[in-house]
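Fold and contact review
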Amino acid sequence: MVRDAGLIAAKDLRVELRSRVATMQVLPFALLVLVIFAFALDGDQTTLRTLTAGLYWAAVLLAAVLVIQRAFAVESVDGIRDALRLSGLRPASIFLGKAAAIAVELLVVEVVLAVGVVVLFGSTLRGWGLLVATGGVAAVGIAAAGTLYGVLAAGLRVKETILPILLLPVLAPVLIGATRAFGAALGDVAVDGWSWFNLLAIFALVYGSMGIVAFGSLLEES
Amino acid sequence: MSDWAYILLGWSVTGGAVTLYALRVVVRGRILSRAVPEDRRRWTS
Amino acid sequence: MTTLTASSTGSRGSRILGVLALVGAAWLVILALAISPADQTQGELVRLMYVHVPSAWTAYLAFALTAVGSAMYLWKRSQWWDLVAASSAEIGVLFCGLALLTGMIWGRPTWGSYWEWGDARLVTTLVLFLMFVGYLAVRRVPADPHLRSRRSAFVGILAAVDIPVVHYSVKWWRTLHQQATVLSTDFDPKIDDLMLFTLVFGMGVFTLTFLWLLVHRFRIAWLEEQVDEVALADAIRERRSEATETALAGAEP
């Protein structure tokens, strides 16, 4: 199962590397969100620095919507979905593979955005252990939930609009938890960041196991 | 605004919305009922 | 009675429910706005609680029923459960919206602002509201009925799974770094007996209203399916008769 998941993930990542949609569109979009925040907050570096954690994760979430839409747009052309379905791979493997590819792409987005906030907002990053752990587990959680809703929306004619409205409320705990954990790591708020890390881990676990169980019948239908 | 203004506002918003929704449901039910033969509406018998 | 039922979604059972809900609502207005006393801390504004809390209760009840209906649909594959889930979600969104509105109307004179992010329950309810608006959006997308039912069922279940996570995250979000404030809407457990009775009575009346609406909304959903089927049957019959007519070489004038 893990090997099959690896195959799917490798396929998706290879497609992304070759097509350059992720690098030429999603990453610039993520940085654009940071620029928009800077304009909206009057370019005040002090404000931007204090709000680094929240703005960072809001940007990640918005970019994640694009990454997920992209991951399923790749499948919808040329009947690849049917090919996947008929490939004999277990649906759980397909789910894990797609989620892994999305998680890797999200990690790239996160790294680029981290550089972005350092350069554009003048933020100082510290508490690296917590930062890296939070970034990783949040990416997995977003990828798991995103893969589920992505395949749900993929079969619909209105997928571009329906995905955000379904996904973003569900990701509310991720935004809150990751922002808090980052805030704790950066020393902006005095909270126990690791308890937020645990919440994110639970989220990833819940949606990961839902995906492994339910992905089969979701893939079948749409 | 006085406290009572808020109270009456809250109550009338609730009452109004539920009444409107109920009316919509009933009217729509009547229109649809006419389009469906009686033997397909189980609750009439 | 039969003449009435012939062209509506009413039945004897639903009419009894409706009358009970109406009588209850009249009593609730009298109890809540006139008979029950003002609260020691909240003053007259406590009277808003008699619509706010029952609305929220009904919304949660309705969403729970949607989740149950969704799970039952996936298990039994019965159209009945799918329609229950759909009907319940729509009414749930209505009451959830009302709970949010009355919460804001209560918050304005109490907190001085319509919205307070420190109130975990209000924020959770907002997220819940948005999730089920999404659910209704999925239901509206035209698709093959079975696909739509299955897809909606998953959306319903996935949303329900998220509710506890949202609730605890919002709760910790505030309480982990802020002191418990005056914003807490918790009821004093020692509230006046009549006030407690009014509150519970309100929840009962709202539950009856919910059930009445649910019965009618369910029947509408069921009729909609029937209309489609009748239309299909008619179309097939028409085609058949056309075919016979052509076979009889235009016997009709």
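Reading guide: rules and limits
Residues numbered from 1 in each chain as written. Chains lettered and ligands numbered in written order. Predicted model: local features only at pLDDT ≥ 70, side-chain atom pairs only at ≥ 80, totals over all residues. Helix = DSSP H or I, 4+ residues; strand = E, 2+ residues; numbered from the N terminus. Rg over C-alpha atoms; globule rule 2.2 N^0.38 Å. Buried ≥ 20, exposed ≤ 12 C-beta atoms within 10 Å, placed from the backbone. Contact = placed C-beta atoms within 7 Å. Nonpolar A, V, L, I, M, F, W, Y, C, P; charged D, E, K, R; others polar. Expected span 1.5 Å × (residues − 1). Core = buried A, V, L, I, M, F, W, Y, C linked by C-beta atoms within 7 Å. Arc of directions from axis to C-beta.

1. Let's talk about the overall build of chain A
When you go through chain A residue by residue, the secondary structure sums to ten helices and zero strands. Reading the secondary structure of chain A in the N-to-C direction produces α-α-α-α-α-α-α-α-α-α. Against the globule reference of 17 Å for 222 residues, chain A gives a C-alpha radius of gyration of 17 Å, in line with a compact fold. C-alpha atoms of chain A, sized along the principal axes, occupy 55 × 35 × 30 Å. Each of the 222 residues in chain A was classed as buried or not, and the buried ones make up 50%. Taking contacts inside chain A between residues at least 6 apart in sequence as the whole, the part at least 24 apart equals 83%.

2. Side note on the overall build of chain C
When helices and strands are tallied, chain C shows seven helices and zero strands. In chain C, the succession of α and β elements from N to C terminus is α-α-α-α-α-α-α. Looking at the 253 residues of chain C, the share that counts as buried comes to 43%. Here the analysis covers contacts within chain C between residues at least 6 apart in sequence; of these, 77% occur between residues at least 24 apart.

3. Details of the interface of chain A and chain C
On the chain C side, the residues contacting the 27 residues of chain A number 23 residues. Listed by contribution, the elements that provide at least two residues to the side of chain A that touches chain C are helix 7 (128-154), helix 8 (159-170), helix 9 (172-186) and helix 10 (193-221) of chain A. If one sorts the elements of the side of chain A that touches chain C by residue count, helix 10 of chain A sits on top with nine residues. Split by residue class, the side of chain A that touches chain C holds 22 nonpolar, three polar and two charged.

4. A short note on the environment of Ala53(A)
All names here are of chain A. One can find Ala53 in helix 4 (residues 52-76). Assessed through the 23 C-beta atoms surrounding it within 10 Å, Ala53 is described here as buried. Along the primary structure Ala53 and Thr147 are separated by 94 residues, whereas in three dimensions their C-alpha atoms are 25 Å apart.

5. Considering helix 2 (residues 12-35) of chain C
The terminal C-alpha atoms of helix 2 of chain C, which comprises 24 residues, lie 33 Å apart, in line with the 34 Å expected from a rise of 1.5 Å per residue. Every buried residue belonging to helix 2 of chain C is among Ser14(C), Leu17(C), Gly18(C), Ala21(C), Leu28(C), Leu31(C) and Ala32(C), and all of these are buried.

6. Focus: the interface of chain B and chain C
Chain B puts 28 residues into the contact, and the matching count from chain C is 32 residues. Class assignment of the residues belonging to the side of chain B that touches chain C gives a composition of 17 nonpolar, five polar and six charged.

7. Some remarks on the arrangement of the chains
When the two pairs of chains in contact are ranked by number of contacts, first place goes to chains B and C. Where chain A comes nearest to chain B, the C-alpha atoms are still 24 Å apart, and the two do not contact one another.

8. Re the nonpolar core
Judged by nonpolar contacts, the single largest core of 158 residues is most densely connected at Val67(A), Leu200(A) and Phe132(C). Looking at which element gives the most residues to this core, the answer is helix 4 (residues 79-111) of chain C, with 16 residues. The contacts of Phe132(C), once residues within four sequence positions are left out, are Phe63(C), Ala89(C), Gly92(C), Val93(C), Cys96(C) and Ala159(C).

9. Some words on helix 1 (residues 2-19) of chain A
All names here are of chain A. End to end, helix 1 covers 26 Å across 18 residues, agreeing with the expected 26 Å (1.5 Å per residue, within 8%). When we look at burial in helix 1, the residues that qualify are Ala5, Ile8, Ala9, Asp12 and Glu16. The arc enclosing the buried residues of helix 1, seen along the axis, measures out at 95°, which places them on a common side. Exposed positions of helix 1 whose direction lies more than 90 degrees from the buried face are Arg3, Arg14, Leu17 and Arg18. Following helix 1 by one or two positions, Arg20 has its phi on the positive side, about 65°.

10. Here we look at unusual backbone geometry
Unlike most non-glycine residues, Asp42(A) shows phi in positive territory, near 65°. One non-glycine residue, Arg77(C), lies in positive phi territory at about 55°. Assignment of secondary structure puts Arg77(C) in the loop between helix 3 (46-76) and helix 4. Residue classification places Arg77(C) among the partly exposed positions, given that 13 C-beta atoms sit within 10 Å.

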